[in-house]
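This is what each chain is made of:
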Amino acid sequence: MNEIDRLTEFLQRLTPLSRSCLLSELERLELCGIDMPGSADVQARLRAEFRKDGSTQARATSPSRYFFAPLELLLIDGAPEHANMGRISRNTLTPIWEWICRDLLPTMARDYIKAINDQVAANNPKEVLKVASIFQTKVVKVLENTLASAESAEFARGKLAQYTASRSAFDDVKKMQQVLRAGAALPKFNEKLPEKIAKFDDGQVAQITAQLDAFKKAHPEALPFALALVARRLKTSWQLVRLATKAAASKSAADVAAAPYACVVAMVLDRLDDKRLALRIALRHNRVLVARDLLAEIYDTEYALKVRIDGIEHCEWGVRLQQLMDAIAALVAAEVSRFPANVGHILGSRRLRSHDTLGGKLSYLAWKGRDAVQDGAAAFRKLIGQT
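Remember, predicted model here, so these are calculated numbers, not experimental data.

Caption draft 1: Local environment of the overall build of the chain. Secondary structure summary: the chain contains 18 helices and two strands in total. Of the roughly 20,500 Å² of accessible surface on the chain, a fraction of 56% belongs to carbon and sulfur atoms.

Caption draft 2: Just the packing of aromatic side chains, in detail. Inspection of the entire model under this criterion finds eight aromatic pairs. The rings of Phe-67, Phe-68, Trp-97, Tyr-112 and Phe-135 are connected pair by pair, giving a single aromatic cluster. Lys-216 extends its terminal NZ or CZ atom over the ring of Tyr-261, reaching a point 5.3 Å from the ring centre.

Caption draft 3: Here's a closer look at the nonpolar core. Within the largest apolar cluster, 93 residues are counted, with the highest numbers of intra-cluster contacts made by Phe-67, Ile-100, Met-176, Leu-212 and Leu-243. Two domains each provide a minimum of three residues to this core, namely domain 2 (63–182) and domain 3 (187–350). If sequence neighbours within four positions are ignored, Met-176 has contacts with Phe-67, Phe-68, Leu-71, Ile-88, Ile-96, Ile-100, Val-139 and Leu-143. Of all hydrophobic cores here, the second largest spans five residues; its members include Leu-11, Leu-26, Val-42 and Leu-46.

Caption draft 4: Quick look at helix α10 (residues 185–192). Of the positions making up α10, those classed as buried are Ala-185, Leu-186, Phe-189 and Asn-190. The buried residues of α10 all sit within an arc of 130 degrees when viewed along its axis, so they share a single face. Projecting away from the buried face of α10 at angles above 90 degrees are the exposed residues Lys-188, Glu-191 and Lys-192.

Caption draft 5: Region of the structure containing helix α5 (residues 93–104). Compared with the 16 Å implied by 1.5 Å per residue over twelve residues, the 14 Å span of α5 between its first and last C-alpha is markedly short. Regarding α5, the residues found buried are Leu-93, Thr-94, Pro-95, Ile-96, Trp-97, Glu-98, Trp-99, Ile-100, Cys-101 and Leu-104.

Caption draft 6: Structural detail: the confidence of the model for the chain. Per-residue pLDDT for the chain has a mean of 84; in total, 80% of the residues score no lower than 70. The low-confidence segment residues 361–367, where pLDDT is below 50, has six contacts with residues more than four positions distant or belonging to other chains. Between residues 379–384, whose pLDDT stays under 50, and residues either more than four places distant or in other chains, the model counts two contacts.

Caption draft 7: Region of interest: the environment of Ser-133. With respect to the helices, strands and loops of the structure, Ser-133 is situated in helix α7 (residues 125–146). Sequence-wise, Ser-133 and Gly-183 are 50 residues apart; in three dimensions their C-alpha atoms are separated by 9.2 Å.

Caption draft 8: Examining the side chain of Thr-146 more closely. Along the polypeptide, Thr-146 turns up in helix α7. Within polar-contact distance, the side chain of Thr-146 engages the backbone oxygen of Val-142 at 2.8 Å. Not counting chain neighbours up to four residues away, the residues in contact with Thr-146 comprise Leu-104, Ser-152, Ala-153 and Ala-156.

Caption draft 9: Broad picture of the packing of helix α6 (residues 106–121) against α7. Look at α6 against α7: their axes get within 9 Å of each other, and the N-to-C directions meet at 165 degrees. Taken together, the axis directions place α6 and α7 in an arrangement best described as roughly antiparallel. Here the hand of the crossing between α6 and α7 comes out left-handed. Contact residues: Met-108, Ala-109, Tyr-112, Ala-115, Ile-116, Gln-119 and Val-120 in α6; Glu-127, Val-128, Val-131, Ala-132, Phe-135 and Lys-138 in α7. For the contact of α6 with α7, the class distribution of residues is ten nonpolar, one polar and two charged.

Caption draft 10: The pattern of salt bridges, seen in detail. Here the structure, examined in full by the defined rule, presents 19 salt bridges. Of the charged contacts, one joins Arg-87 and Asp-274 as a salt bridge, the two residues approaching to 2.5 Å between their closest N and O atoms. In this pair, Arg-87 is assigned in the loop between β1 (75–76) and β2 (88–89) and Asp-274 in helix α15 (residues 263–284), connecting sequence segments 187 residues apart. Given a relative accessible area of 10%, Arg-87 falls into the buried group. A network of salt bridges, in which partner residues are shared, links Glu-72, Asp-77 and Arg-90.

Basis of the calculations
- One numbering rule holds for all chains: residues counted from 1, following each sequence as written.
- Residues qualify for local features only when their pLDDT is at least 70, as the model is predicted, and side-chain atom pairs are given and counted only at 80 or more; totals for whole chains, interfaces and linings, by contrast, use all residues.
- For the side-chain quantities, the full set of heavy atoms in the structure was used; hydrogens and water were omitted.
- Helix and strand definitions follow DSSP, with helices as H or I runs of at least four residues and strands as E runs of at least two, each counted in order from the N terminus.
- Note on areas: Shrake-Rupley, 1.4 Å probe, and residue coverage restricted to the protein chains presented here.
- Pairs were defined over the aromatic rings of Phe, Tyr and Trp, the Trp ring being its six-membered one, requiring ring centres within 6.5 Å. Orientation was assigned from the angle between planes: stacked under 30 degrees, edge-to-face over 60, tilted for the rest.
- For a ring to carry a charge above it, either NZ of a lysine or CZ of an arginine must fall within 6 Å of the ring centroid while also lying within 35 degrees of the normal to the ring plane.
- In these notes, a set of buried Ala, Val, Leu, Ile, Met, Phe, Trp, Tyr and Cys residues joined through side-chain atoms within 4.5 Å is what counts as a nonpolar core.
- Only protein chains enter the accessibility calculation, which uses a 1.4 Å probe. A residue is then buried if its area is under 20% of the maximum for its type, exposed if over 50%, and partly exposed in between.
- Those domain boundaries reflect an automatic or database domain assignment.
- A contact between two residues is defined here by any heavy atoms of the two lying within 4.5 Å.
- In this context, the arc is that of the directions from the helix axis out to the C-beta atoms.
- One less than the residue count of a helix, multiplied by 1.5 Å, gives the span that helix is expected to have.
- As a per-residue measure, pLDDT reflects the predictor's confidence and takes values from 0 up to 100.
- Whenever a nitrogen or oxygen atom comes within 3.5 Å of another N or O atom, the pair is scored as a polar contact, on the condition that within protein one atom can donate a hydrogen and the other can accept it, and that pairs from neighbouring residues in sequence are kept only if both atoms are in side chains.
- Axis lines are fitted to C-alpha atoms, over the contacting stretch for helices. Their N-to-C directions set the angle, which ranges from 0 to 180 degrees.
- Oblique is the label for any angle not under 35 degrees, not over 145, and not in the 65 to 115 range, which are roughly parallel, roughly antiparallel and roughly perpendicular in turn.
- Whether a crossing is left-handed or right-handed is set by the direction in which the near helix is turned from the far one by less than a right angle, anticlockwise for left-handed and clockwise for right-handed.
- Three categories are distinguished: nonpolar for Ala, Val, Leu, Ile, Met, Phe, Trp, Tyr, Cys and Pro, charged for Asp, Glu, Lys and Arg, and polar for the others, with Gly belonging to the last.
- Throughout this description, the term salt bridge denotes a Lys or Arg side-chain nitrogen within 4 Å of a carboxyl oxygen of Asp or Glu.

Quick look at the structure:
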């Protein structure tokens, strides 16, 4: 028996659930940078079984898709193990759903699946949504009891670990609970946002801040998800940081950290980490042009954070930023080193750092001039207030 036959026999011994979870785990490990010999062949075989459309990302079946529908705008493809405030990994949905059906609410889940399938077959979309909503409410209530004590929460974590080794899966369960508890508030907030925010200027920042203030007052624990919805509308993810810097007393890292929406800085760093993972995958598959565009966005984000937050290098944000940039530099160096020293590589081009050009340096000087005026005015206001 050759290796392919042994692999086929091994996969057939597994239950469909085990094969589905195996596929999700292999994809998660790949996205986390862990190489598994023979993983590509296994993934190809399992995708042929579970994803007839050739998709490389898990897509939920009908009952689970309707259950997870409120999370759709907050899902990210891939399986990053780093913190992802306000977002949920799509790849954790399969193990979470299996955990709900087999451990959390097995009887109610069976009833829900039958009811959903019956209503889908009857082409009754309103009843489908109603059935899903009722089951979502039941899950939220059970989760409230499950997570009420450290002991029961740890037991639930252990049960979920039977379906995935992802460290972020249990956090995604808690995020799911928060989103479902917010109900229609998040969709309503999303509807009021502009379709696209091409220029996140002072007027737009003020408008979005007012909407966030109202949302935060009613649903404080769901605020990160509202911020994630705002980020989806921005031209570039680093612009989200303006919600913090605009409200801060000055550009100092301490003042920005004291701003009402300071958490957006960590969210921008989360997205920078996403780009690091995407860059690694692009380089692995020799997609140099994709890598070039990602690297340009990475450099723009690094520059924006350093320009808009003074002293960032001396705080936790700066430490994380430096760690990310060191990891990115190592990826680029490894790629460039594959070519002779006298052969230029597109990823080594200074043009990718647009702020290093003459226009970029002039923009930087203009920023610093404006900052000096604004900081002076802020200091004067503080002085007046003290006297």
